[in-house]
Amino acid sequence: MPDEQPSVVSEHFYSGALDRIRRFMAVLAPVLIAATWWKFGVRSAIGLAFGCIIAYINFYWLKRVITGFVDRAAGATSSQSADGIVSRFLLRYVLMAVGAYVILTVSPASLNGLLAGLFLPVSAIACEAVYELYAALARGM
Amino acid sequence: MRTLSKLFLVLSVLSFAVPAFAQGGGSSEVNWVAISAGFSMAFASGICALAQGKATAAAAEGLARNPAARPGIQLALILGLALIESLALYTLVIIFAKVK
């Protein structure tokens, strides 16, 4: 029984990782856009903003798709249909392709910003990893 | 399935054969950067697709064995798929940087 308390605490801590990653993305995006605007100009900043929006929607849909998939794999009642899960999974790629096409046709100069913006989830996951390391060190591993 | 894989193999060989026979003038230069960029993206996409399939299959197997481990498996699967996708994006960025 005494071992259960830390396990419950750490389980609660790790269950909030996805929400923290989304919050990291919401905080990182404006900071990176402002820094890009200041350093590389408005076109790159607009491209980065597009990339961040696409990456955020992409991550949100990925989470919803995985939730539906896990519901089905675990045998739980899922609110999403199988067609909806598959179409949402494929729609993510269509969304990225449309965003890249729009940027390429409207302003090719901001393509670098768009590509950089697509890495927003990776930056947020890296921030989460650093935060978890800090929290583990603070708890005394 | 074997017939289909043989068909794809023949088609891929034929796609090489057409430009090979087209050479003759000697004046046109082959754009090796574009060719290698195409191959790089194809390899990256294929290997990332295999990795995503393997990760999803392992998650489904783990869930079927132990449904109580759902939160941990779900988190690991989401992060794993996001990071695998980013590997294909890294390749795309490198290709854009080199081909431009």
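For the structure itself, consult the block above.
Residues numbered from 1 in each chain as written. Chains lettered and ligands numbered in written order. Predicted model: local features only at pLDDT ≥ 70, side-chain atom pairs only at ≥ 80, totals over all residues. Heavy atoms only, no water.

**Some points on the overall build of chain B**
And then number 1: The secondary structure content of chain B amounts to three helices and zero strands.
And then number 2: Of the regular secondary structure in chain B, the N- to C-terminal order runs α-α-α.
And then number 3: Carbon together with sulfur atoms contributes 73% to the accessible area of chain B, which is approximately 7,100 Å² in total. (Helix = DSSP H or I, 4+ residues; strand = E, 2+ residues; numbered from the N terminus. Areas by Shrake-Rupley, 256 points an atom, 1.4 Å probe, with all protein chains shown as cover.)

**Considerations on the overall build of chain A**
And then number 1: For chain A, the helix and strand inventory stands at six helices and zero strands.
And then number 2: Taken from N to C terminus, the helices and strands of chain A fall in the order α-α-α-α-α-α.
And then number 3: With the principal axes as the frame, chain A shows a C-alpha extent of 60 × 40 × 15 Å.
And then number 4: Split into buried and exposed, the 141 residues of chain A put 36% on the buried side.
And then number 5: Nonlocal contacts in chain A, meaning residues at least 24 apart in sequence, comprise 72% of its contacts between residues at least 6 apart.
And then number 6: Surface summary for chain A: the accessible area is close to 8,300 Å², and the carbon and sulfur share equals 68%. (Buried < 20%, exposed > 50% of the residue type's maximum accessible area, 1.4 Å probe, protein only. Contact = heavy atoms within 4.5 Å.)

**A look at the packing of aromatic side chains**
And then number 1: Scanning the model with the defined rule gives two aromatic pairs over all chains in all.
And then number 2: Positioned above the aromatic ring of Tyr93(A), the side-chain terminus of Arg92(A) is 5.0 Å from the ring centre. (Phe/Tyr/Trp six-rings, centres within 6.5 Å; stacked < 30°, edge-to-face > 60°. Lys NZ or Arg CZ within 6 Å of the ring centre and 35° of its normal.)

**Quick notes on the nonpolar core**
And then number 1: With 25 residues, the main nonpolar core has Ile21(A), Phe59(A), Ile66(A) and Leu120(A) as its most contacted residues.
And then number 2: Looking at this core, the elements that each hand over two or more residues are helix 2 (17–40), helix 3 (42–74) and helix 6 (120–138) of chain A together with helix 2 (32–65) and helix 3 (70–99) of chain B.
And then number 3: Other than its neighbours up to four places away in sequence, Ile66(A) contacts Gln74(B), Leu77(B), Ile78(B) and Leu81(B).
And then number 4: By size, the runner-up hydrophobic cluster in this structure holds 10 residues, among which are Met96(A), Ile103(A), Leu118(A) and Val122(A). (Core = buried A, V, L, I, M, F, W, Y, C linked by side-chain atoms within 4.5 Å.)

**Looking at the interface of chain A and chain B**
And then number 1: In this complex, chain A contributes 25 residues to the contact, which on the side of chain B involves 21 residues.
And then number 2: In total, about 2,200 Å² of surface goes out of reach between chain A and chain B, with carbon and sulfur atoms giving 80% of it.
And then number 3: Measuring nitrogen to oxygen at the nearest pair gives 2.5 Å for the salt bridge that ties Arg92(A) to Glu85(B).
And then number 4: Here chain A and chain B share four residue pairs in polar contact (both at pLDDT 80 or more) between them.
And then number 5: Listing elements by their share of the side of chain A that touches chain B, those giving two or more residues are helix 2, helix 3, helix 4 (82–106), helix 5 (111–117) and helix 6 of chain A.
And then number 6: Top contributing element to the side of chain A that touches chain B by residue count: helix 3 of chain A, with 11 residues.
And then number 7: Across the side of chain A that touches chain B, the residue classes tally to 19 nonpolar, three polar and three charged. (Buried area = accessible area lost by both parts, 1.4 Å probe. Salt bridge = Lys/Arg side-chain N within 4 Å of Asp/Glu carboxyl O. Polar contact = N/O pair within 3.5 Å; in protein donor to acceptor, adjacent residues only side chain to side chain. Nonpolar A, V, L, I, M, F, W, Y, C, P; charged D, E, K, R; others polar.)

**Structural notes on the pattern of salt bridges**
All names here are of chain A.
And then number 1: Taken as a whole and assessed by the stated rule, the structure comprises five salt bridges over all chains.
And then number 2: Between Glu-128 and Arg-20 there is a salt bridge; the shortest N-O distance is 2.9 Å. Residue Glu-128 is located in helix 6, and its partner Arg-20 is located in helix 2; the two are separated by 108 residues in the primary sequence.
And then number 3: For Glu-128, a relative accessible area of 3% puts it in the buried group.
And then number 4: We classify Arg-20 as buried; its relative accessible area is 14%.
And then number 5: Salt bridges linked by common partners bring Arg-20, Glu-128 and Glu-132 together as one network.

**A few points about the state of the cysteines**
And then number 1: Applying the stated criterion to the full structure yields zero disulfides over all chains.
And then number 2: In this model Cys52(A) remains outside any disulfide bridge; the closest cysteine sulfur is found in Cys127(A), 13 Å from its own. (Disulfide = S-S within 2.5 Å.)

**Focus: the packing of helix 2 of chain A against helix 3 of chain A**
Residue and element names in this part refer to chain A.
And then number 1: Taken N-terminus to C-terminus, the directions of helix 2 and helix 3 make an angle of 170°; their axes are 8 Å apart at the nearest point. With respect to helix 3, the element helix 2 is oriented roughly antiparallel. Residues Leu-18, Asp-19, Ile-21, Arg-22, Met-25, Ala-29, Leu-32, Ile-33, Thr-36, Trp-37 and Phe-40 of helix 2 lie in contact with helix 3, whose contacting residues are Val-42, Ser-44, Ala-45, Leu-48, Ala-49, Cys-52, Ala-55, Tyr-56, Phe-59, Tyr-60 and Lys-63. (Axes fitted to C-alpha atoms, helices over the stretch in contact; angles between N-to-C directions. Parallel < 35°, antiparallel > 145°, perpendicular 65-115°, else oblique.)

**Remarks on helix 6 of chain A**
And then number 1: Here helix 6 of chain A is 19 residues long and its end C-alpha atoms lie 27 Å apart, about the 27 Å a rise of 1.5 Å per residue gives.
And then number 2: For helix 6 of chain A, every residue scored as buried is listed here: Leu120(A), Pro121(A), Val122(A), Ala124(A), Ile125(A), Glu128(A), Ala135(A) and Ala136(A). (Expected span 1.5 Å × (residues − 1).)

These results come straight from atomic positions and should not be treated as a statement about function.
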